[in-house]
Amino acid sequence: MSNTDATDTESFDVNHHVRELLAKHHSIAAIWSTDDVRGVRPQLTEDQAWEVLQQVDRHHDASWGICWITLETVADDLYPAPDDEEEA
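My aim in this report is to walk through the structure given alongside it, one point at a time.

## Description of the overall build of the protein
- Helix and strand content of the protein: 6 helices and 0 strands.
- For the protein, the α and β elements follow one another from N to C terminus as α-α-α-α-α-α.
- In the protein, which comprises 88 residues, the proportion classed as buried is 16%.
- Partitioning the intrachain contacts of the protein with sequence separation of at least 6 by distance along the chain shows that 41% fall at a separation of at least 24.
- Carbon and sulfur atoms make up 53% of the accessible area of the protein, which totals about 7,000 Å².

Spelled out as structure tokens, the structure:
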């Protein structure tokens, strides 16, 4: 691997590395990113989307898990959509 490959964050697949680490411990995890949050609420900034993910991580219900509705609900709680978006 060249130095360029090692420092290229665009080609770094964090999901692959996390899954390898978890597999060593016979564990699994669903991985959500700020891209997922911004998929349901595209007007949020990267920092706002990160805050949504942190809130979801701290308060999700393990009986229900995390899904698209979870991300959208928490995003709406933290950053209510302007009235014109709600009507659309």
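Further notes follow.
## Describing the packing of aromatic side chains
- By the definition in use, this model includes 1 aromatic pair.
- Measuring from centroid to centroid gives 4.9 Å for W32 and W68, while their planes differ by 85 degrees, and the two rings are edge-to-face. Residue W32 is found in the loop between α2 (14-24) and α3 (34-40), and its partner W68 is found in helix α5 (residues 68-78); the two are separated by 36 residues along the sequence.
- A residue is classified by how much of its surface remains accessible, and W32, at 24% relative accessible area, is partly exposed.
- According to the relative accessible area criterion, W68 is partly exposed, its value standing at 46%.

## A word on helix α4 (residues 46-59)
- The terminal C-alpha atoms of α4 lie 20 Å apart, and with 14 residues this matches the ideal 20 Å at 1.5 Å per residue to within 8%.
- For α4, the set of buried residues is A49, V52, L53 and V56. Angular distribution of buried residues about the axis of α4 spans 95 degrees; they occupy a single face of the element. Of the exposed residues in α4, those oriented more than 90 degrees away from the buried face are D47 and H59.

## Quick notes on the pattern of salt bridges
- Applying the stated criterion to the full structure yields 3 salt bridges.
- R41 serves as the salt-bridge partner of D76, at 2.7 Å between the closest nitrogen and oxygen. You can see D76 sitting in helix α5 and its partner R41 sitting in the loop between α3 and α4, a full 35 residues away along the chain.
- One salt bridge connects R58 with E51, and the closest N-O pair in it is separated by 3.3 Å.
- On the basis of relative accessible area, R58 is assigned to the partly exposed category, the value being 48%.
- Accessibility expressed as a relative area gives 26% for E51, which makes it partly exposed.

## Observations regarding a nonpolar patch on the surface
- On the surface, F12, V14, V18 and I31 cluster together into a nonpolar patch covering about 310 Å² of accessible area.
- For F12, the position within the fold is in the loop between α1 (3-7) and α2.

## Examining the side chain of T70
- Here T70 shows up in helix α5.
- Look at T70 and you get buried, because its relative accessible area is 18%.
- Ignoring sequence-local partners within four residues, the contact set of T70 consists of V56 and G65.

What counts, and where the lines are drawn
- Residues numbered from 1 in each chain as written.
- Predicted model: local features only at pLDDT ≥ 70, side-chain atom pairs only at ≥ 80, totals over all residues.
- Heavy atoms only, no water.
- Helix = DSSP H or I, 4+ residues; strand = E, 2+ residues; numbered from the N terminus.
- Buried < 20%, exposed > 50% of the residue type's maximum accessible area, 1.4 Å probe, protein only.
- Contact = heavy atoms within 4.5 Å.
- Areas by Shrake-Rupley, 256 points an atom, 1.4 Å probe, with all protein chains shown as cover.
- Phe/Tyr/Trp six-rings, centres within 6.5 Å; stacked < 30°, edge-to-face > 60°.
- Expected span 1.5 Å × (residues − 1).
- Arc of directions from axis to C-beta.
- Salt bridge = Lys/Arg side-chain N within 4 Å of Asp/Glu carboxyl O.
- Patch = residues over 30% accessible without salt bridge, like charges linked within 9 Å, V, L, I, M, F, W, Y side chains within 5 Å.

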